[in-house]
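If you want the building blocks of each chain, they are given just below.
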Amino acid sequence: MRATTWTGTDSVKVVDVPDPRIMNARDAIVKISSTAICGSDLHLYHGYIPAMRRGDILGHEFMGEVVEVGPEVDNLAVGDRVVVPFPIACGNCASCQQGRYSVCENSNPNAGIAEKIMGHSPAGIFGYSHLLGGYAGGQAEYARVPFADVGPIKIPDEVPDDQALMLADAFPTAYMGAEMCDITPGDVVAVWGAGPVGLLAAASARLLGAERVIVIDRYPYRLRLAADRAGAETINYEQLDVLDELNRLTAGRGPDACIDAVGLEGHHGNAAMYAYDRVKQAGRLETERPFALREAILACRSGGVVSVIGAYGGFVDKFPMGAFMNRSLIMRTGQCHVQRYTRPLLARIVKGEIDPSFVISHRMPLKDAAKGYKIFQKKQDDCTKVVLKV
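Described below are features of the structure shown in this document. Everything quoted here is computed from the prediction, not taken from an experiment.

Rules behind the numbers
Residue numbers run consecutively from 1 along every chain, following the written order of its sequence. A pLDDT threshold of at least 70 governs which residues receive local features in this predicted model, and a stricter bar of 80 or more applies before side-chain atom pairs are shown or counted, although totals over entire chains, interfaces and linings include all residues. To obtain the side-chain values, all non-hydrogen atoms of the structure were used and water was disregarded. Between any two strands, at least two bridges found by DSSP are needed for them to pair. Under the DSSP-based scheme used, a helix requires at least four consecutive residues in state H or I and a strand at least two consecutive residues in state E, with every element numbered from the N terminus. To obtain an axis, a line is fitted to C-alpha atoms, over the contacting stretch when the element is a helix, and the angle between two such axes runs from 0 to 180 degrees between their N-to-C directions. Stacked, edge-to-face and tilted are the three classes for Phe, Tyr and Trp ring pairs, Trp counted by its six-membered ring, which pair at centre distances within 6.5 Å; planes under 30 degrees apart are stacked, over 60 edge-to-face, the rest tilted. The rule is simple: take the accessible area with a 1.4 Å probe, protein chains only, and divide by the maximum for that residue type; under 20% is buried, over 50% is exposed, in between is partly exposed. Note on geometry: a ring has a charge over it if NZ (lysine) or CZ (arginine) is within 6 Å of the ring centre and within 35 degrees of the ring normal. The term salt bridge refers to a side-chain nitrogen of Lys or Arg lying within 4 Å of a carboxyl oxygen of Asp or Glu. Using protein atoms alone on a 1 Å grid, points that fit a 1.4 Å probe yet trap it form a cavity, whereas open point sets bounded by protein on both sides within 12 Å along at least five of seven lines form a pocket; residues with an atom within 4 Å of a point count as lining. Grid points are joined across faces, edges and corners, and a volume is the space filled by probe spheres set on the points. Think of it as three bins: nonpolar holds Ala, Val, Leu, Ile, Met, Phe, Trp, Tyr, Cys and Pro, charged holds Asp, Glu, Lys and Arg, and polar takes everything else, Gly as well. An angle below 35 degrees is treated as roughly parallel, one above 145 as roughly antiparallel, one from 65 to 115 as roughly perpendicular, and anything else as oblique. The crossing is said to be left-handed when, going from far helix to near helix, the turn is anticlockwise and less than a right angle, and right-handed when the turn is clockwise. By the convention used here, residues are in contact when the closest approach between their heavy atoms is within 4.5 Å.

**As for the sheet that holds strand β13 (residues 257-260)**
Right, on to step 1. With parallel pairing, six strands are arranged side by side in an open sheet as β12-β11-β10-β13-β14-β15. Looking at strand neighbours, the two that pair on one side only are β12 (233-236) and β15 (330-333), the edges of this open sheet. Each neighbouring strand pair of the sheet contributes to a mean axis angle of 20°, computed without reference to strand direction.
Right, on to step 2. Of the pairings in the sheet, the one linking β13 to strand β14 (residues 305-308) comprises four bridges and is parallel in character. When the sheet's bridge partners are listed, Ala257 is paired in β14 with Val305.

Below, the structure written as structure tokens:
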């Protein structure tokens, strides 16, 4: 089969690789119809996530048709159209039983590697380094899906791929980010980042009852999407001081909740601050550029919630712990427990409450994956999200 493989920093290539096969009684094989390039894939692309190997198959957002099932998979049948959550979860451990699927205790065969960096291991993830299991990803013609009796859900024929595909990661991640804000009527929510997850987090905050949503970014086309499709007010951080503007918009109080949808490769309008973090990151003296995280903590009203759904991989410098502790802030974070959200969010799509596919800007064949990565990474042609059709 053909698959998108990591060939080194800033380099991917679509090549022939062996077809996947059933390896466990709870496996399924999915013939992929649509797969997406995620913002967190760019962290792999740029070489910031450890334990990548040349030839690793990328991609953790995919859907398609079941073509084979193991003998213990009784919820799926050959021919079913499914979307696959990005965290791999056993469904049986204590974490899964409590709905915390992204920290499944059984799905990362390389847990010992993760424990050296993180203390304990999160779940395995499709196509996301050997730190998180070394599983082949879904930017390919076929994928092996472990624990297929737990993860994939069937998609009705009337729901198009572009909408259903967003249930693999982007929409549940965004919705969980908004849900963690404990939104009540009248709340003001600020969202850092107008990429796909930030846009959907803004839309989700509105779904959950936020009175006002304010989105911070530097690309005018993304800020227009935030205003037009999520009903958000916007701040271009290259034109305005974010903290001053948020105080102005909230009468000096600050947002009730702040969502960091940026993660480790943040950018900042302050040249000196940006240079500081770039130099430290290049020297591996820190692994993140946490501009959005720092700013969200400083901006949030005292006693408010900082929700972190941008992907981080290691260690940050100059974390404003004094502000965090002294102002009674609450931080909630985590890779999304996607299996908890797929069915209720699918119901919202079917009811017409939201069309999450508005974040997709580019569709291209799998063979053009390398081009897709370049366009997405460089924000060319007003690119917000690339979907690869297989």
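**Looking at the packing of aromatic side chains**
Right, on to step 1. Tallying each qualifying case throughout the model produces seven aromatic pairs.
Right, on to step 2. When the ring of Phe171 is compared with that of Tyr175, the centres are 6.4 Å apart and the planes differ by 90°; the resulting orientation is edge-to-face. Of this pair, Phe171 and Tyr175 both sit in helix α5 (residues 170-179), four residues apart, roughly one helical turn.
Right, on to step 3. Here Phe171 falls in the buried class, since its relative accessible area comes to 0%.
Right, on to step 4. Relative accessible area serves as the criterion here: at 8%, Tyr175 is assigned to the buried category.
Right, on to step 5. Look at Phe319 and Phe324: their rings are 6.2 Å apart centre to centre, the planes differ by 65°, and that puts the pair in the edge-to-face class.
Right, on to step 6. Pairwise contacts between aromatic rings join Phe171, Tyr175 and Tyr341 into one cluster.
Right, on to step 7. Seen from the ring of Phe376, Lys379 lies directly overhead, with NZ or CZ sitting 5.8 Å from the centre.

**So, the pattern of salt bridges**
Right, on to step 1. In this structure the tally under the stated criterion is 19 salt bridges.
Right, on to step 2. Between Arg2 and Asp16 there is a salt bridge, with the nearest N and O atoms lying 3.5 Å from each other. Here Arg2, found in strand β1 (residues 2-8), pairs with Asp16, found in strand β2 (residues 11-16); they are 14 residues apart in sequence, far enough to count as distant.
Right, on to step 3. Looking at Asp16, the relative accessible area reads 61%, which means it is exposed.
Right, on to step 4. Two residues, Arg144 and Asp27, come together in a salt bridge whose shortest N-O distance is 2.6 Å. Note that Arg144 is positioned in strand β8 (residues 142-145) and Asp27 in the loop between β2 and β3 (28-37), a separation of 117 residues in sequence.
Right, on to step 5. On the basis of relative accessible area, Arg144 is assigned to the partly exposed category, the value being 23%.
Right, on to step 6. Salt bridges sharing common partners tie together Asp162, Arg363 and Lys389.

**Considering empty space enclosed by the protein**
Right, on to step 1. For the structure on display, the rule yields one cavity of 30 Å³ or more.
Right, on to step 2. Empty space within the largest cavity amounts to approximately 40 Å³.
Right, on to step 3. Lining of the largest cavity is provided by Val84, Pro85, Pro87, Ile88, Ala89, Phe126, Val145, Pro146, Phe147, Gly151 and Gln339.
Right, on to step 4. Its residues placed into classes, the lining of the largest cavity shows nine nonpolar, two polar and no charged.

**As for the packing of helix α6 (residues 196-207) against helix α7 (residues 220-230)**
Right, on to step 1. Between α6 and α7, the shortest axis-to-axis distance is 10 Å and the interhelical angle comes to 25°. Classified by the angle between their axes, α6 and α7 sit roughly parallel to one another. Relative to α7, the crossing made by α6 is right-handed. In this structure, α6 uses Leu199, Ala202, Ala203 and Arg206 to contact α7, whose residues at the interface are Arg222, Leu225, Ala226 and Ala230.
Right, on to step 2. In terms of residue class, the contact of α6 with α7 is made up of six nonpolar, no polar and two charged.

**A look at α7**
Right, on to step 1. Of all the positions in α7, only Tyr221, Arg222, Leu223, Leu225, Ala226 and Ala230 are classed as buried.
Right, on to step 2. Tucked inside the fold, the buried residues of α7 contact α6, β11 (212-217) and β12.
Right, on to step 3. Phi turns positive one or two residues past the end of α7, at Gly231, with a value near 65°.

**Side note on the environment of Phe376**
Right, on to step 1. Take Phe376: it is sitting in helix α13 (residues 369-378).
Right, on to step 2. Phe376 gets classed as buried once you look at its relative accessible area, which sits at 3%.
Right, on to step 3. It is 21 Å that separates the C-alpha atoms of Phe376 and Phe291, two residues lying 85 residues apart in sequence.
Right, on to step 4. Once residues within four sequence positions are removed from consideration, Phe376 is found in contact with Ile37, Cys38, Gly39, Leu42, Cys383, Thr384, Lys385 and Val386.

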